[in-house]
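Architecture and fold: a report
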Amino acid sequence: MNRWFKHVVSCFTNTKYIPSNYEKLSRTQLIQKIQTLENRLKKSHDKIKVDHAKPIDMSQYGERRIALKIAYLGWNYSGFASQGDETVTPTVEGQLFKALRSCNLIIDQDTCQFTRCGRTDKGVSGLGQVVALNVRSKQNKLAAEGSMPYIEIMNRLLPEDVRVLAWAPVSDTFNARFDCKSRTYKYFFEKGNLDLELMRQAAKYMTGSHDFRNFCKLDPSKNITNYERTILYLDILPVENGFYQVELKGTAFLWHQVRCIMSILFLVGQKLEKPEVVKALLDTEQVPSRPDYPMASDLPLMLYDCEFDGIQWIYANEGYRNIPTPLRTYRHFHELWSTHMIKGFLFNTVLEQIEHESVVNHQKVSQAIKISEAQQSNVLLGAGKSIRTAQYKPLLSRQRADSDQVKKEKYRLKQLNKK
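Our subject in this report is the structure included herewith. Nothing here was measured: the structure is a model prediction, and the numbers come from that model. (Residues numbered from 1 in each chain as written. Predicted model: local features only at pLDDT ≥ 70, side-chain atom pairs only at ≥ 80, totals over all residues. Heavy atoms only, no water.)

**Side note on helix 5 (residues 196–206)**
Rules: Three labels apply to residues, based on accessible area from a 1.4 Å probe with only protein chains included: buried if under 20% of the type maximum, exposed if over 50%, partly exposed otherwise in between. Labels follow the DSSP assignment, with helices taken as runs of H or I lasting at least four residues and strands as runs of E lasting at least two, numbered in each case from the N terminus. The arc in question is the one traced by the directions running from the helix axis out to the C-beta atoms. Polar contact is defined as a pair of N or O atoms within 3.5 Å, subject to the rule that within protein one atom must be able to donate a hydrogen and the other to accept it, and that residues adjacent in sequence are counted only when both atoms are side-chain atoms.
Three or more residues of helix 5 are buried, namely Leu196, Met199, Ala202, Ala203 and Met206. The arc that holds the buried residues of helix 5, viewed along the axis, is 120 degrees, so those residues lie on one side. Facing away from the buried surface of helix 5 by more than 90 degrees, the exposed residues are Glu197 and Lys204. Where helix 5 begins, the side chain of Asp195 points an oxygen toward the backbone nitrogen of Glu197, at a separation of 3.1 Å. In the stretch just after helix 5, Gly208 is the one whose phi turns positive, near 105 degrees.

Right, here's the structure in full:
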């Protein structure tokens, strides 16, 4: 025991063993003594690291422009784009900038020529989001340009619901927004009693180039003059277990356009509106401003892919550690998926118990739900959300929002009053 303890002490203190009263200590007292020495050593090492850590002099390094492909789960964030105060409105971009600064890839977000492909809203997720920025290169200014393990470095610092999937070297003039050829969104929903064929018929009317001002939220501060957008592809496809997805590909999209499209498709699928209502809403002479209708839920929406010409994505750095990066990323998201699946089973167990054993007016809950739905109009919004109304009012007979011209004039007057 004494020889063993002398060796342990010498390892921790890096000094020769100095005799003391250790021989008289019990085993428990010796372990406590070792733990005390370990804590002291840890504090000493931490202090040394802090005292001698030197910040990287970014001016001594070269700079290169890269693109990053980002995956994120949006329900914990107030959108993708940074909004200034990350404490009040946390964003995915805020997490990216925090990680980039922590690993000294950028000095700050204002000097790295940052561009994003899509500005997804609060609650919306992304799989193919792309950003571009200038980052510190591996070598100093005098050496040849070298790449760094950007994916691995970033993912160690990002929260669990944000991951860098790939990176690519791009030209100095590359812009993630304006160089994007198309964007693809997916929206997941439960079929239930929806008529998918009617929804597909309505979707066909949206394909092509149209004025979508009645399928978006107008923002007069942006001073948009052209609301024509092109839908390249729109279809409704099965997923599993009674769930489907709307896959929608377009060159660009207006604010909340996809969620407005889904809201109209739900109304058609519920047979509250005919598919031809889409044709009417796309005719700005017949319907010059948007009728009052709620947007579909943000939760099921995902920016699935952003298409670019000539980008060669790098998903792993060869020779970096033993486990390939895509495998680590897969395992990470699989763990999150498994956790949420188990939560789903727990919710389902609760629902089954309530449905089969609870009673409402001497009826099973499932029977009471059917009667309630028959008595009221239930307007679906996606993600299990809905609006109940005693009597459904057709879209074209509803109150209209201000037209684009009226909104812009009101905004102009408001800005004048501020001066």
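**Description of unusual backbone geometry**
Positive phi is not limited to glycine here, since Gln113 has a value of about 55 degrees. Looking at the element boundaries, Gln113 is found in the loop between helix 3 (92–102) and strand 2 (115–116). If you check the backbone angles, His256 has positive phi at about 65 degrees while not being a glycine. Here His256 is to be found in the loop between strand 8 (243–250) and helix 6 (257–269). The exposure class assigned to His256 is buried, which follows from its relative accessible area of 11%.

**Some words on a nonpolar patch on the surface**
How we decide: Here the term patch refers to residues with relative accessible area over 30% and no salt bridge, with like charges joined within 9 Å and nonpolar side chains (Val, Leu, Ile, Met, Phe, Trp, Tyr) within 5 Å. Surface exposure here means Shrake-Rupley accessible area, sampled with a 1.4 Å probe, where a residue is shielded only by the protein chains that are shown. One speaks of a salt bridge when a side-chain nitrogen belonging to Lys or Arg is within 4 Å of a carboxyl oxygen belonging to Asp or Glu.
Together, Phe188, Val239 and Phe243 make up an exposed nonpolar region whose accessible area comes to about 230 Å². Looking at the element boundaries, Val239 is found in strand 7 (residues 228–240). Assessed through its relative accessible area of 40%, Val239 is described here as partly exposed.

**Notes on the nonpolar core**
Note the cut-off: Only buried residues count toward a nonpolar core, which is a set of Ala, Val, Leu, Ile, Met, Phe, Trp, Tyr and Cys residues joined through side-chain atoms within 4.5 Å. Two residues qualify as a contact provided that any one of their heavy atoms is within 4.5 Å of a heavy atom in the partner residue.
One finds Phe189, Phe215, Ile264 and Leu265 to be the most contacted residues of the largest nonpolar core, which totals 56 residues. Where this core is concerned, the elements lending two or more residues are strand 3 (125–140), strand 5 (182–190), helix 5, strand 7, strand 8, helix 6, helix 7 (277–282) and strand 9 (301–307). Counting residues per element, this core draws most heavily on helix 6, at nine residues. Excluding anything up to four places from it in sequence, Phe215 contacts Met206, His256, Gln257, Cys260, Ile261, Ile264, Val278, Leu281, Leu282 and Tyr293. Of all hydrophobic cores here, the second largest spans 28 residues; its members include Leu68, Leu133, Val135 and Leu158.

**Description of the pairing of strand 12 (residues 377–382)**
Just so we agree on the cut-off: Think of it this way: DSSP has to see at least two bridges between two strands before they count as a pair.
Where burial is concerned, most of strand 12 is hidden: five out of the six residues are buried. Of the pairings in the sheet, the one linking strand 12 to strand 13 (residues 385–389) comprises five bridges and is antiparallel in character. Of the residues in strand 13, the one forming a bridge with Gly382 is Lys385.

**As for the environment of Val406**
Summarising the element assignment, Val406 is placed in helix 10 (residues 404–418). Assessed through its relative accessible area of 35%, Val406 is described here as partly exposed.

**Here's the deal with helix 8 (residues 325–357)**
Keep this limit in mind: Every helix has an expected span of 1.5 Å times one less than the residues it contains.
Along its 33 residues, helix 8 runs 48 Å from first to last C-alpha, staying within 8% of the 48 Å computed at 1.5 Å per residue. Buried residues of helix 8: Thr325, Thr329, His332 and Leu336, and no others. Those residues of helix 8 that are buried lie in contact with helix 4 (150–157) and strand 4 (162–169).

**Structural notes on the pattern of salt bridges**
Within the structure shown, the criterion is met by 11 salt bridges. Notably, a salt bridge pairs Asp309 with Lys181, separated by 3.9 Å at the nearest N-O pair. Of this pair, Asp309 sits in the loop between strand 9 and helix 8 while Lys181 sits in the loop between strand 4 and strand 5, placing them 128 residues apart in sequence. Across the salt bridge formed by Asp235 and Arg200, the nearest N and O atoms sit 3.8 Å from each other.

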